[in-house]
Amino acid sequence: MTETILNIEGLKTYFFTEAGIVTAVDGVSFNLKKGESLGLVGESGSGKTVTALSVLRIVPKPGKIVDGKVEFNGEDLLKKTEKEMQRIRGSAIAITFQDPSSSLNPVYNVETQLRDAIMAHQTVSKTEARKRAIELLEVVGIPEAETRMREYPHQFSGGMKQRVAIARALACEPTLLFADEPTTNLDVTIQAQVLNLLNDLKKKFGMSLVMITHDMGIIAEMTTRIVVLYAGHVCEIAKTYDLFDRPRHPYTEALLAAVPRLDMRKTLRVIPGNIPNLIEPPSGCRFHPRCNYAKQICEEVVPVLEETEQGHFVACHEWRNISLKGERGH
Amino acid sequence: MAKYQLEGGKRPLSSSDFIKVEKLVKYFPVYSRGVLLKKEVGLVHAVDNISFDIRRKETFGLVGESGCGKTTTARLILNLIEPTDGQVFFEGENVFEKLKSSSKAEKLKIRRKMQLIFQNPYGSLDPRMTVFDIISEPFVIHKHIPKKQWKEKVYELLELVGLEEYHAERYPHEFSGGQRQRICIARALAVEPEFLVADEPVSSLDVSIRAQILNLLGELQQRVGLTYLYISHDLSSVRQISNRVAVMYLGEIVELADTDELFKEPLHPYTEALIAAVPIPDPKARSIKIVLPGEVPSPINPPSGCRFHPRCPQAKPACREKVPELVQVNPRHAVACHI
């Protein structure tokens, strides 16, 4: 039995805007085992990124973590002081963002940025930090690392910038890495390179990885377990294989049926309607206005996660009464 | 439902010569810094000698990575930018010559037949105009519909793209991304075009909304008889919607084939790698990947010979020296590769 590295329970992060309270993450619970690749899937506004930011306690204003527990190696991060958090961020838990051009500082060269990341957490000399920076760039596959690290972010291409961002996240060998849409802005051939790189690094450093994405393809390739989020709620948690094979939540099924596939042509099923407004989220199950199977109870009661088989959890009132089709089931 | 009828719909169908692109070239000059002594220091070979035709009522897919010239090709066909060389024929007429020589009314007539929808529905709608104003603006320009009928026509268009009549009085910011893209489509259809260029129409939308728009495009094609040029870097959606597909790399077409054939038996190593690089949403289908080394080279100094040779796993000496021609392998498949 591998140990649990991260345990999130009933996390609630709200944004207190002028228009009202946005319930971006509303009672999210899941855990992560050591060395695991977990996928956090959902559309925009589902709360995937906010969940990651909450773990690191870097939720931007007017957002606030209202309730919940985030246990990292058995310690509740939400109870730590800001000083203690600073020590954890970057060194034990790191994150890479979707858009590397805006997460790298344009006025410092790559060397300075990497060196800063290293020296923030380790007591090493500048020369040592520099040596380490070169090593990191070589690890992430940037050729001629020594010359290139004197260059500025704008002199790197998108794929290379993402590599630099990954190198910076790895600077202190974190045990947990959040990769927030790491390849969304990249071309497919470059995307394949970056995904391969992440897989290699994961093995090399024995990290746990949380992949945040809306791309079901990447999820299928990269992860062993999946958490499906919808409008700030967890819909379903299952092993990757099981989720694609027998989704239990109508939203998961609809999401799978809505994605075109390269290896076969299929009729795309449309999920009617739009993603709900989280200031006034739908009552009960947040998916019920768009759900084909919705009953009276779905409107009234928020469903809780129930175990359907070992390791497979779903938050749906109707899961016992409906039979859903998996990716290969048609 | 079938109220919306295309004026040009009565014309006889000649399948092959709807749009013909011949040896289209577009170079963008690059200047050195400085205001007074600007010097041309190079040329970006954005589109380099491409030829293809689009058949009536088909969906022609154009795929490639960023910077390969997909969008430039589309803008050339619509004559939004001047080509460096080459011709585009629209129903047998040379578009460039026609647009240069004819009167304003004639020009508008050609423009009416072709329309464009963009990637970003947030940037392509004026935030200060109501949906009614947005969709009726083409009527102001083309004057093809008497003012009395505007309202009726706008409602018809809204219904056609799956929106409601009351939406007409609202502003773009009140709509979600998918709905905005519907408004863009309605505006493009307002002039009753025959040819619609869709430039990454679903890239900025959420997964569950993408399927809605892709299905809408398919539906409209059936109902109105449109021809599409569908541009995307997303191979899965191209496969879903296109009849034929051209793959571009660094300004050149490397392969052109019927969709199913292209995805089943890609002949060009680049197409093969591109297909292999797309993650498939099925853990059972995990496969061995061909990961291409390096990145797309600069189009200012494209590699000699076959432009793909520095990244090609199968490159031979000949690839470095000779530019491969697009050769018809069978009636449904053409490829530009020495191997």
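A few points on the structure. (Residues numbered from 1 in each chain as written. Chains lettered and ligands numbered in written order. Predicted model: local features only at pLDDT ≥ 70, side-chain atom pairs only at ≥ 80, totals over all residues.)

Remarks on the packing of helix α4 (residues 110–121) of chain A against helix α5 (residues 126–139) of chain A
Helix packing for two helices is described by the angle between their axes and how far apart those axes are.
All names here are of chain A.
Here is step 1: Running from N to C, α4 and α5 cross one another at 115°; their axes reach a closest spacing of 9 Å. By the angle class used here, α4 and α5 are roughly perpendicular. Judged by the sense of rotation from one axis to the other, the crossing of α4 with α5 is right-handed. The segment α4 lies against α5, with Glu111, Leu114, Arg115, Ile118 and Met119 engaging Lys126, Ala129, Arg130, Arg132, Ala133 and Leu136.
Here is step 2: A per-class count over the contact of α4 with α5 returns six nonpolar, no polar and five charged. (Axes fitted to C-alpha atoms, helices over the stretch in contact; angles between N-to-C directions. Helix = DSSP H or I, 4+ residues; strand = E, 2+ residues; numbered from the N terminus. Parallel < 35°, antiparallel > 145°, perpendicular 65-115°, else oblique. Left-handed = near helix turned anticlockwise from the far one by under 90°. Contact = placed C-beta atoms within 7 Å. Nonpolar A, V, L, I, M, F, W, Y, C, P; charged D, E, K, R; others polar.)

Overview of unusual backbone geometry
Here is step 1: Of note, the bond from Lys61 of chain A into Pro62 of chain A is cis; its omega dihedral lies within 30 degrees of zero at 0°.
Here is step 2: Within the secondary structure layout, Pro62 of chain A lies in the loop between α1 (48–56) and β4 (63–72).
Here is step 3: One non-glycine residue, Lys23 of chain B, lies in positive phi territory at about 45°.
Here is step 4: Relative to the assigned elements, Lys23 of chain B resides in strand β1 (residues 19–31).
Here is step 5: Of the residues examined, Lys23 of chain B has 12 C-beta atoms within 10 Å and is grouped as exposed. (Buried ≥ 20, exposed ≤ 12 C-beta atoms within 10 Å, placed from the backbone.)

Comments concerning the sheet that holds strand β2 (residues 40–54) of chain B
Residues and elements named next belong to chain B.
Here is step 1: The strand order across the open sheet formed by four strands is β2-β1-β4-β5, and the pairing between neighbours is antiparallel. Looking at which strands have only one partner, the edges of the open sheet turn out to be β2 and β5 (93–94).
Here is step 2: Where strand β4 (residues 85–90) meets β5, two bridges bridge the pair, whose relative direction is antiparallel. Counted as the bridge partner of Phe90 is Glu93 from β5.
Here is step 3: Relative to the sheet, helix α1 (residues 70–77) contacts β1, β2 and β4, its axis offset from that of β1 by approximately 115°. (Pairing = 2+ DSSP bridges.)

Digging into the interface of chain A and chain B
Accessible area lost upon the coming together of the parts is a frequently used measure of interface size.
Here is step 1: At the interface, 40 residues of chain A touch 35 residues of chain B.
Here is step 2: Those elements giving two or more residues to the side of chain A that touches chain B turn out to be α8 (188–205), α9 (216–222), α10 (240–245) and α11 (250–258) of chain A.
Here is step 3: If one sorts the elements of the side of chain A that touches chain B by residue count, α8 of chain A sits on top with seven residues.
Here is step 4: For the side of chain A that touches chain B, the residue count by class is 19 nonpolar, 11 polar and 10 charged.

Considerations on helix α10 (residues 269–277) of chain B
Helical periodicity: at 3.6 residues per turn, an α-helix aligns residues three or four positions apart in one direction.
Here is step 1: Burial within α10 of chain B is extensive, with seven of its nine residues counted as buried.
Here is step 2: By the burial criterion, the buried members of α10 of chain B are Pro269, Tyr270, Thr271, Ala273, Leu274, Ile275 and Ala277 of chain B.
Here is step 3: Contacts made by the buried residues of α10 of chain B are with α8 of chain A together with α8 (235–241), β9 (244–249), β10 (252–258) and α9 (259–264) of chain B.

Quick notes on the packing of helix α6 (residues 177–189) of chain B against helix α7 (residues 207–224) of chain B
Residue and element names in this part refer to chain B.
Here is step 1: Between α6 and α7, whose axes approach to 9 Å, the crossing angle comes to 20°. It follows from the interaxial angle that α6 and α7 lie roughly parallel. Here α6 and α7 pass one another in a crossing that is right-handed. Residue-level contacts link Gly177, Gly178, Gln181 and Arg182 of α6 to Ile209, Gln212, Ile213 and Leu216 of α7.

Some remarks on the pairing of β1 of chain B
Regular strands place side chains that alternate from one sheet face to the opposite one.
All names here are of chain B.
Here is step 1: The sheet contact formed by β1 and β4 spans five bridges and is antiparallel. Paired with Lys20 across the two strands is Phe89, which belongs to β4.
Here is step 2: Two strands pair when backbone bridges link them, and β1 and β2 are joined in this way by 11 bridges, in the antiparallel orientation. Bridged to Lys26 within β2 is Val47.

Description of the pairing of strand β7 (residues 195–199) of chain B
Residues and elements named next belong to chain B.
Here is step 1: Along β7, four of the five residues are buried, which leaves the element largely enclosed by surrounding structure.
Here is step 2: In the sheet, strand β6 (residues 114–117) pairs with β7 via four bridges, with the strands oriented parallel. Following the sheet pairing, Leu116 is matched in β7 by Val197.
Here is step 3: Relative to strand β8 (residues 227–232), β7 runs parallel, the two sharing five bridges.

Considerations on the sheet that holds β6 of chain B
Residues and elements named next belong to chain B.
Here is step 1: Sheet architecture is open: eight strands sit in the order β6-β7-β8-β3-β9-β10-β12-β11, paired in mixed fashion. Edge positions in the open sheet fall to β6 and β11 (327–330), since each of these has one partner strand only. Mean inter-strand twist for the sheet, computed between neighbouring axes without regard to direction, equals 20°.
Here is step 2: As paired strands, β11 and strand β12 (residues 333–335) are joined by three bridges and run antiparallel to one another. The residue bridging Asn330 from the neighbouring strand is His333, located in β12.

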